[in-house]
Amino acid sequence: MRARVFAGTFTAALLAVHLLVSVASAQNALVVSIWGGNWKDTVEKVVAKPFTAKTGIPVEFEVGGTIDRLAKARVAKGNPLVDLNFTTTHVARLYISDGLYEKLDMAKIPNSKEIAREAFRSEYHLGSWAYVYTVVYRPDLVKEEITKWSDLWNPALKGKIALPDFDPSHIITIAALMEGGNEVTWQKGEEKLKQLKPSIAAFYSTDAQSQDLMKTGQAPVQVMLSVNAYHLQEQGIAVKIVQPRDYPGIVGIDTMAVMAGTKKADAALQFINFTLSKEIQSELVKALRAGPVNTGASVPPSLAGQPGIFVTPAQWKERGYIMNDEARAKNLPAWREWFTANIVKK
């Protein structure tokens, strides 16, 4: 009987110690905010676990949508619930204007010396990887070859195109460029974009919806994130990712930043530096099918030279159009309103 009591007491003591260790570990963990799904899974596997193995610093994740996470950060201003944030470069401007980011100490990010000039988004945030929004289509369902953005206006594509409704900045900017404007003078492309309306079969709000529309053939021509297009190819869907001849694909750069008020700024800077290393960047290219920002990263032969994969200054300049972050962040609400009223609404 006494042995049983002792054993039970000993087991309870072990559980208590384990609980205390777990609580302490959680309190010491670096909390990273990022999108869910493949983004979180990849960063956890490729970056966080090796980072913990190297530094001993545990990493936890908060996942959510871009705007939802921004809203949470605004509520928690000054006492952030997370320590490090991943978001798109233009949305990062909203964090900066709201005083939610801490200025980066570049001396503690020595790998920043190896990244492309385009990845230096500001003194508050640095690029982690790149991609493009470009034209993607299924040649087995579309007889007409698509080589340019302007091909989307071909009447033969009527009822075959899908566009994102959550962020129409890509197609709005392309339409403006076609009419001699840009993301600042975007109104120049309004009439041009209205001419595309009869060809639109559907709109999508998530990556999953976009991929389903392509798989089923409901919308075999899309303005799509290059990362998603490569994913479809891996699944055996024969999509073609266009390197447009008239205007480059619209570049997206996801970025990292340290939250203002965090008590783990040093750990966050270590994480950023680790992510920017040549070795980790090389692994991210393979896992995400996104372009590296470290100019020394290796790229698989199958991805070299493909849309959204930039490895030289010339490729950054010639194969991608980088929108003005501040203009994009400022105009996005107006773009959504105009796009919904004039393009989405029947």
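Quick summary incoming for the structure in this document.

## A few points about the nonpolar core
Okay, so step 1: Ranked by internal contacts, the top residues of the largest apolar core, which has 75 residues, are Phe 86, Trp 129, Leu 152, Ile 171 and Phe 271.
Okay, so step 2: Element by element, the count of residues in this core is highest for helix α9 (residues 265-275), at seven residues.
Okay, so step 3: Residue contacts for Leu 152: discarding those within four places in its chain leaves Val 135, Leu 157, Ile 161, Ile 171, Leu 196, Ser 199, Val 221 and Val 223.

## A look at the pattern of salt bridges
Okay, so step 1: Using the criterion set out here, one finds 15 salt bridges in the structure.
Okay, so step 2: Lys 286 is the salt-bridge partner of Glu 283, the closest N and O atoms lying 3.1 Å from each other. Of the two residues, Glu 283 and Lys 286 both sit in helix α10 (residues 278-288), three residues apart, roughly one turn of that helix.
Okay, so step 3: According to the relative accessible area criterion, Glu 283 is partly exposed, its value standing at 37%.
Okay, so step 4: A network of salt bridges, in which partner residues are shared, links Arg 93, Arg 121, Asp 325 and Glu 326.

## Notes on the environment of Ala 92
Okay, so step 1: For Ala 92, the position within the fold is in helix α4 (residues 89-97).
Okay, so step 2: Separated by 34 residues in the primary sequence, Ala 92 and Leu 126 place their C-alpha atoms 9.9 Å from one another.
Okay, so step 3: For Ala 92, the contacting residues outside a window of four places in its chain are Thr 87, Tyr 101, His 125 and Thr 255.

## Digging into the environment of Ser 277
Okay, so step 1: Mapped onto the elements, Ser 277 comes out in the loop between α9 and α10.
Okay, so step 2: With relative accessibility at 9%, the residue Ser 277 sits in the buried group.
Okay, so step 3: Taking the C-alpha atoms as reference points, Ser 277 and Gln 187, 90 residues apart in sequence, are found 41 Å from one another.
Okay, so step 4: Within polar-contact distance, the side chain of Ser 277 engages the backbone oxygen of Phe 274 at 2.8 Å.

## Some points on the packing of helix α2 (residues 38-55) against α9
Okay, so step 1: Orientation of α2 relative to α9, taken along the N-to-C sense of each, is 120°, at an axis distance of 10 Å. Between α2 and α9, the interaxial angle falls into the category oblique. Taken as a pair, α2 and α9 cross one another with a handedness that is right-handed. Between α2 and α9, the residues in contact are Val 43, Val 47, Ala 48, Pro 50, Phe 51, Lys 54 and Thr 55 and Ala 267, Gln 270, Phe 271, Phe 274 and Thr 275, respectively.
Okay, so step 2: Taken together, the residues of the contact of α2 with α9 sort by class into eight nonpolar, three polar and one charged.

## Some details on the packing of aromatic side chains
Okay, so step 1: Overall, the coordinates contain 12 aromatic pairs when judged by the stated rule.
Okay, so step 2: Residues Tyr 95 and Tyr 101 carry aromatic rings whose centres are separated by 4.9 Å and whose planes lie at 15° to one another, so their mutual orientation is stacked. Each of the two residues, Tyr 95 as well as Tyr 101, counts as buried.
Okay, so step 3: For the ring pair Phe 310 and Trp 316, a centre distance of 4.8 Å and an interplane angle of 40° mean the geometry is tilted. This pair shows no difference in class: Phe 310 is buried, exactly as Trp 316 is.
Okay, so step 4: Among the aromatic residues, those joined into a ring-pair cluster are Trp 35, Trp 39, Phe 86, Trp 129 and Tyr 131.
Okay, so step 5: Note that Arg 69 overlies the ring of Trp 35, its terminal NZ or CZ placed 5.0 Å from the centroid.

## Observations regarding empty space enclosed by the protein
Okay, so step 1: Counting across every chain of the model gives three cavities of 30 Å³ or more.
Okay, so step 2: In this structure, the largest cavity occupies an estimated 90 Å³ of space.
Okay, so step 3: What lines the largest cavity is simply Ser 33, Glu 62, Arg 69, Lys 72, Ala 73, Ala 76, Pro 80, Leu 81, Val 82, Asn 85, Tyr 95 and Met 259.
Okay, so step 4: The leading source of residues in the lining of the largest cavity is helix α3 (residues 66-75), at three residues.

## Observations concerning unusual backbone geometry
Okay, so step 1: In the Ramachandran plot, Arg 289 falls in the positive-phi region, its phi being about 60° despite a non-glycine side chain.
Okay, so step 2: By secondary structure assignment, the location of Arg 289 is in the loop between α10 and α11 (313-318).
Okay, so step 3: In this structure Arg 289 comes out as partly exposed when scored by relative accessible area, which is 25%.

## Section: the layout of surface pockets
Okay, so step 1: By volume, the largest pocket amounts to about 890 Å³.
Okay, so step 2: In terms of lining, the largest pocket is formed by 37 residues, of which the most central are Trp 35, Trp 39, Tyr 133, Asp 207 and Leu 225.
Okay, so step 3: Each residue belonging to the lining of the largest pocket can be placed in one class, and the counts come to 14 nonpolar, 16 polar and seven charged.
Okay, so step 4: In this structure, the second largest pocket encloses a volume near 200 Å³.
Okay, so step 5: Around the second largest pocket, the lining residues are Ala 116, Arg 117, Glu 118, Thr 295, Val 311, Thr 312, Pro 313, Trp 316, Lys 317, Gly 320, Tyr 321 and Ile 322.
Okay, so step 6: Of all the secondary-structure elements, those providing two or more residues to the lining of the second largest pocket are α11 and β11 (320-321).
Okay, so step 7: Per-element accounting of the lining of the second largest pocket gives the leading share, three residues, to α11.
Okay, so step 8: For the lining of the second largest pocket, the class distribution of residues is six nonpolar, three polar and three charged.

Reading the values: rules and limits
- Here the residue numbers are simple positions, counted from 1 along each chain's written sequence.
- Totals for whole chains, interfaces and linings use all residues, but because this is a predicted model, local features are given only for residues with pLDDT of at least 70 and pairs of side-chain atoms are given and counted only at 80 or more.
- Only hydrogens and water are set aside when side-chain values are computed; all heavy atoms of the structure are taken into account.
- Side-chain atoms within 4.5 Å link the members of a nonpolar core, which is a set of buried Ala, Val, Leu, Ile, Met, Phe, Trp, Tyr and Cys residues.
- The buried label goes to any residue with under 20% of its type's maximum accessible area, the exposed label to any with over 50%, and the partly exposed label to all in between, with areas taken from a 1.4 Å probe on protein chains only.
- Helix and strand labels come from DSSP, where a helix needs a run of H or I of at least four residues and a strand needs a run of E of at least two; each type is numbered from the N terminus.
- By definition, residues are in contact when any of their heavy atoms lie within 4.5 Å.
- Take a side-chain nitrogen of Lys or Arg and a carboxyl oxygen of Asp or Glu: if they are within 4 Å of each other, that pair is a salt bridge.
- A 3.5 Å cut-off defines polar contacts: any pair of N or O atoms within that distance qualifies, except that in protein one atom must be a possible hydrogen donor and the other a possible acceptor, and neighbouring residues in sequence count only when both atoms are side-chain atoms.
- Interaxial angles span 0 to 180 degrees and are taken between N-to-C directions of axes, which are lines fitted to C-alpha atoms, for helices over the stretch in contact.
- An angle below 35 degrees is treated as roughly parallel, one above 145 as roughly antiparallel, one from 65 to 115 as roughly perpendicular, and anything else as oblique.
- The handedness criterion is simple: a crossing whose near helix is rotated anticlockwise from the far helix by less than a right angle is left-handed, and one whose near helix is rotated clockwise is right-handed.
- Under the scheme applied here, ten amino acids are nonpolar (Ala, Val, Leu, Ile, Met, Phe, Trp, Tyr, Cys and Pro), four are charged (Asp, Glu, Lys and Arg), and all others, including Gly, are polar.
- Two aromatic rings, drawn from Phe, Tyr or Trp (for Trp, its six-membered ring), form a pair once their centres lie within 6.5 Å of each other, and the interplanar angle then sorts them: stacked below 30 degrees, edge-to-face above 60, tilted otherwise.
- Here, a charge over a ring is recorded when the distance from Lys NZ or Arg CZ to the ring centre is within 6 Å and its angle to the ring normal is within 35 degrees.
- Buried and open spaces are told apart on a 1 Å grid over the protein atoms alone, a cavity being a set of points where a 1.4 Å probe fits but cannot get out and a pocket being an open set with protein on both sides within 12 Å along at least five of seven lines. Residues with an atom within 4 Å of a point are the lining residues.
- Grid points are joined across faces, edges and corners, and a volume is the space filled by probe spheres set on the points.

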